[in-house]
Amino acid sequence: LRVPGVQESRFGRIEAHEAVTANGREALLRAKEAAEDIGFSVLHLFVDGVWVWKEGADKVKNYRALLEEITDRTGLPIALDGIYKWVAFLPSRVNSRVPVPTRYFGVFQDGTIKVRGLEARRHDAPYWIAWTQMEIIKLLAAGPAPAAGSQPACLPAVMRLLRRQLAELREQKVPLDKLLVAQKLSREIPEYRTPSPAARAAAQLESVGKHIRPGQMVRFLYTLGAPGVHAWDLPQAPDPRSVDVPRYRELLLRAAATVLQPFGVEEGELDLKLMFSTQSRAVGLLPGFSRA
């Protein structure tokens, strides 16, 4: 609707978005040039942030000249967010050579952890998985700064954590509400050619008179057999024995590998370590072998 006599607002128009993006890109490029001219290496750029590195720059005073230079060149105020002990920028799952701007985690000098774009921060991830991933990051943060590509000293502690979490999952000790997945319905249910898990859960709710519109969140559990999900808001409670344990195991190992991959630990390696440890406990040690 338009109000007579009121000029149409340009906010939300494509031209406004293009102008904002162009100005932001120009400011970032000027900040990058300022950092490099002063002797810093630019590690990462994204929207309103620049990550830089310089040998021996481990105090706030080492960055004052850089902040002033960026402000002079861009005309924008800038502040130091913090000095990292270490930070890891995660690659795309589609192309491992390309980093994803919004997926990173690191530890500041004071021990504060910063996480962006991971399961630990995403509202759609099950709490059980988000909590476990955050605990792994805490283990990484507590130890010495790990070298890129080298396995962290806390890996044995990480494996003990994963074994404990997976044992509780198999033994049905994880509360079901901690396994809930929350996903948005992207379209009306009949419009799906191949219904997503969220669409299948929404269809279950539809069958009991609860209509979910596109854009709304649907909460559900992954379950064994068809349809593979159980909508959380159905009148009947889910059977704990129906939980799809292999699916949740896969999701947990993927989340763990996400934060361990920068340090040389892949998802397949985690899987092998867990399989070996499980088999060792199940069949015992062979004659002539001892446990280290």
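For the structure, check the block above.
Residues numbered from 1 in each chain as written. Predicted model: local features only at pLDDT ≥ 70, side-chain atom pairs only at ≥ 80, totals over all residues. Heavy atoms only, no water.

Before going further, it helps to examine the pairing of strand 4 (residues 99-108). When strand 3 (residues 84-91) meets strand 4, the two strands line up antiparallel, connected through six bridges. The partner of W86 across the bridge, within strand 4, is V107. Relative to strand 5 (residues 113-116), strand 4 runs antiparallel, the two sharing four bridges. Among the inter-strand pairings, V107 is bridged to a residue of strand 5, identified as I113. The turn linking strand 4 back onto strand 5 is made up of four residues, and G111 within it adopts a positive phi angle of 90°. (Pairing = 2+ DSSP bridges. Helix = DSSP H or I, 4+ residues; strand = E, 2+ residues; numbered from the N terminus.)

Turning to unusual backbone geometry, a few remarks are in order. In the segment running from A226 into P227, the intervening peptide bond is cis, with an omega of 0°. With a phi close to 60°, Q172 is a non-glycine residue in the positive phi region. Note on placement: Q172 falls in the loop between helix 4 (155-170) and strand 6 (181-184).

Before going further, it helps to examine the packing of aromatic side chains. Within this structure, the stated rule accounts for nine aromatic pairs. Ring geometry for W51 against Y104: centres 5.1 Å apart, planes inclined by 70°, an arrangement best described as edge-to-face. Of this pair, W51 sits in strand 2 (residues 49-53) while Y104 sits in strand 4; the two residues are 53 residues apart in sequence, bridging distant segments of the chain. With respect to class, W51 is no different from Y104; both count as buried. Taking 5.9 Å as the distance between ring centres and 50° as the angle between the ring planes, the aromatic pair formed by F89 and Y104 counts as tilted. Of this pair, F89 sits in strand 3 while Y104 is found in strand 4, placing the two residues 15 residues apart along the sequence. The exposure class of F89 is partly exposed, given its relative accessible area of 21%. Linked through ring pairs, W51, F89 and Y104 together constitute an aromatic cluster. Looking at K178, its charged tip hangs above the ring of Y127, at a distance of 4.7 Å from the centre. The residue whose ring lies beneath R187 is Y192, and the NZ or CZ to ring-centre distance is 5.0 Å. (Phe/Tyr/Trp six-rings, centres within 6.5 Å; stacked < 30°, edge-to-face > 60°. Buried < 20%, exposed > 50% of the residue type's maximum accessible area, 1.4 Å probe, protein only. Lys NZ or Arg CZ within 6 Å of the ring centre and 35° of its normal.)

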